[in-house]
Amino acid sequence: SSVVALQKALGIPADGIYGPQTRRAVRRFQRANGLVVDGIAGPQTLAALGLTARGASSRGADAASVLARIAQCESGGDPTAVSRDGRYFGKYQFSRPTWRSVGGRGNPARASEAEQDRRALILYQREGTSPWPVCGG
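Note that residues are indexed from 1 along each chain, following the sequence as it is written. Where local features are concerned, this predicted model is filtered to residues with pLDDT of at least 70; where side-chain atom pairs are given and counted, the filter is 80 or more; whole-chain, interface and lining totals use all residues. Side-chain figures throughout are based on the complete set of non-hydrogen atoms in the structure, without hydrogens or water.

Notes on the pattern of salt bridges
Moving on, step 1. For this analysis, a salt bridge means a side-chain nitrogen from Lys or Arg found within 4 Å of a carboxyl oxygen belonging to Asp or Glu. As enumerated under the stated definition, the model contains five salt bridges in all.
Moving on, step 2. The shortest N-O distance in the salt bridge between Lys-91 and Glu-113 comes to 2.7 Å. Linking Lys-91 in the loop between α5 (63-75) and α6 (96-101) with Glu-113 in helix α7 (residues 113-127), this pair joins segments that are 22 residues apart in sequence.
Moving on, step 3. Relative accessibility thresholds used throughout: buried, under 20% of the residue-type maximum; exposed, over 50%; partly exposed, between the two (1.4 Å probe, protein chains only). A relative accessible area of 11% means that Lys-91 is categorised as buried. Helix numbers and strand numbers start at the N terminus; a helix is a DSSP run of H or I with at least 4 residues, a strand a run of E with at least 2.

Following this line, the structure appears as C-alpha cells:
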C-alpha cells in the first residue's frame, strides 16, 4: 500500500496505518529537508523521499483535484454543511468516527476548512475514494 511504501522510505515500522507515528516521522523528515512541516506526505514530501505520487499511491490521480471534486459533490464545498439526518458533517461529510480516525476532534462542521482539507487528505491517502462511495467514483 502507499502508506507502507511511505513508512519504509521513512525508515519506520511499516504497519500500513497513517497514524501518529507516521505523522511524526513525516514531520521530522519535512523539518530536516526544509519542507513545509505539516505531517502530510504530499507531492513535495513524496518527491523528496524519492517516491512519486503515482509510485506511492495506486490511485495515481492528483489528490487535491480528487478531493475538490468530492467536496463539491458531498456538500457543494460548504465546510459548515450537516447532512439532513445529522450523521455527516463538513465539506467532506465526515462521520464523527471517521473524523476521529484521522485525528479530528469535536464536530467536523465547526473545524476550519483548512483542517477539514488536511483530515480529508489523510483519509484519502489511507483509503482512497472508498470513504465516499457516491462522490468518490
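Here we look at the packing of α5 against α7
Moving on, step 1. Orientation is described by lines fitted to C-alpha atoms, with helices fitted over the stretch in contact, and by angles between N-to-C directions that extend from 0 to 180 degrees. Closest axis-to-axis distance for the α5/α7 pair is 11 Å, and the angle between their directions is 110°. In terms of orientation, α5 and α7 fall into the roughly perpendicular class. The two elements α5 and α7 meet at a crossing, and its hand is right-handed. Contacts from Ala-63, Val-66 and Leu-67 in α5 reach Ala-120, Leu-121 and Tyr-124 in α7. These descriptions rest on fixed angle ranges, namely under 35 degrees for roughly parallel, over 145 for roughly antiparallel, 65 to 115 for roughly perpendicular, and the rest for oblique. For any pair of crossing helices, the crossing counts as left-handed if the nearer helix is rotated counterclockwise from the farther one by less than a right angle, and right-handed if it is rotated clockwise. Residues count as neighbours in contact if any of their non-hydrogen atoms are within 4.5 Å of one another.

Geometry only, nothing functional implied.
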